[in-house]
Amino acid sequence: MAEANNTTVTLQVHRFTPRAERAERARGGSPFARKSSPFGGGSDSAARRRPRGKQWVQEYTIPARPEDTVLDCLMTIKRTVDPTLAFRYSCGHGMCGSDAVSINGTPTLLCTAAIRDWAKQPGALPQVDDEGFRHIGDETADGNTNAEAEASADSMDDAAAHGGSLGVIELAPLPGFPPQRDLIADIDPMLDQIRKLTPYLEADGVLATTSEGKVDVFEYLQHPDQLAKYEMLSNCIACGVCEGSCPVFAGGDAFIGPAALIWSSRFINDSRDAKAMDRMDAIDTADGVAACQSVRACSRHCPRGIDVGEEMWQIVAKVRER
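Residues numbered from 1 in each chain as written. Predicted model: local features only at pLDDT ≥ 70, side-chain atom pairs only at ≥ 80, totals over all residues. Heavy atoms only, no water.

A. Local environment of the environment of Gly-53. Mapping Gly-53 onto the fold places it in strand β2 (residues 53-63). Overall, Gly-53 belongs to the partly exposed group, its relative accessible area being 30%. (Helix = DSSP H or I, 4+ residues; strand = E, 2+ residues; numbered from the N terminus. Buried < 20%, exposed > 50% of the residue type's maximum accessible area, 1.4 Å probe, protein only.)

See below:
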């Protein structure tokens, strides 16, 4: 990271070190897990969602600029301050989806989160009371939320101009998934559910032919209007941000999650696919489309711009109308 003009940022990182696994587990799975569901249940998944180990919050104050990303800051900490800090990343440009975490309580990608957008002054961070509830502040009768945001931006500009603290950013593993170490969450439950819904094209194998019976083209042709039905859905990078935002999804026992349904919808809407009815049968279960509560929290922070909530509503309607 380049020279930071004497400005700093403080990262509050929720760290986790797992306890060594025992050779044999004496305790079984949750009695409330769906044993008959193809998408969840079983002692292995239940044990994976209850990681045990040391948990603590560690603060790092490092030089930074408002335009730097949170991933830039973590890389600086990893290289110069604390090499034990664990987090996942790959491309660094919001294309791979491997660095999804919770920033100030909001699931998003590290590489696309700029400090100017996420750094808050210490008093502005949500506080947790004795009962575990977060208080995000009281809105006055005049509605001063915009004024507070503008004041925060002005204070950051002043800090950047004269040197000082840009604020505090709270980092935690992606919600809804068991942490493996520090900011690394185990997203295997989501990936397993996507795999079970066969996320690949299953065409009928019939190729276009000429009047003489010869193969005309070796592709499955499609009209632009047919492509438009699923093109946006094909942008899904399986980052898990929508799953982390969903209040119903919690490891996949009660709900297979919006990511798996988006991947299924992508092929259901593909005119080249010959298994649309089978795909709708696979998600027409108690923990499939029936478990979606239409909260639409999954739409708020999709890094690829997919309106997940709207697509969920569309696939639910299509399953019920078939």
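And the narrative resumes.
B. Representation of unusual backbone geometry within the structure. At Asp-182, a position not held by glycine, the phi torsion is positive, near 50°. Turning to its location among the elements, Asp-182 is positioned in the loop between β8 (179-181) and β9 (184-185). Judged by relative accessible area, which is 1%, Asp-182 ranks as buried.

C. Expanded view of helix α8 (residues 258-268). Across the eleven residues that make up α8, a large majority, ten, are buried. Within the sequence span of α8, burial applies to Pro-258, Ala-259, Ala-260, Leu-261, Ile-262, Ser-264, Ser-265, Arg-266, Phe-267 and Ile-268. Where α8 is buried, its residues meet α5 (188-196), α7 (241-245), α9 (276-283) and α10 (308-321). (Contact = heavy atoms within 4.5 Å.)

D. Region of interest: the packing of α8 against α10. Where α8 meets α10, the axes come as close as 10 Å, and the angle between the chain directions of the two elements is 60°. In terms of their interaxial angle, α8 and α10 are classed as oblique. α8 and α10 meet at a crossing whose hand is left-handed. Contact residues: Pro-258, Leu-261, Ile-262, Ser-265 and Ile-268 in α8; Val-308, Glu-311, Met-312, Ile-315 and Lys-318 in α10. The residue inventory of the contact of α8 with α10, partitioned by class, reads seven nonpolar, one polar and two charged. (Axes fitted to C-alpha atoms, helices over the stretch in contact; angles between N-to-C directions. Parallel < 35°, antiparallel > 145°, perpendicular 65-115°, else oblique. Left-handed = near helix turned anticlockwise from the far one by under 90°. Nonpolar A, V, L, I, M, F, W, Y, C, P; charged D, E, K, R; others polar.)

On their own, these measurements won't tell you what the molecule is for.
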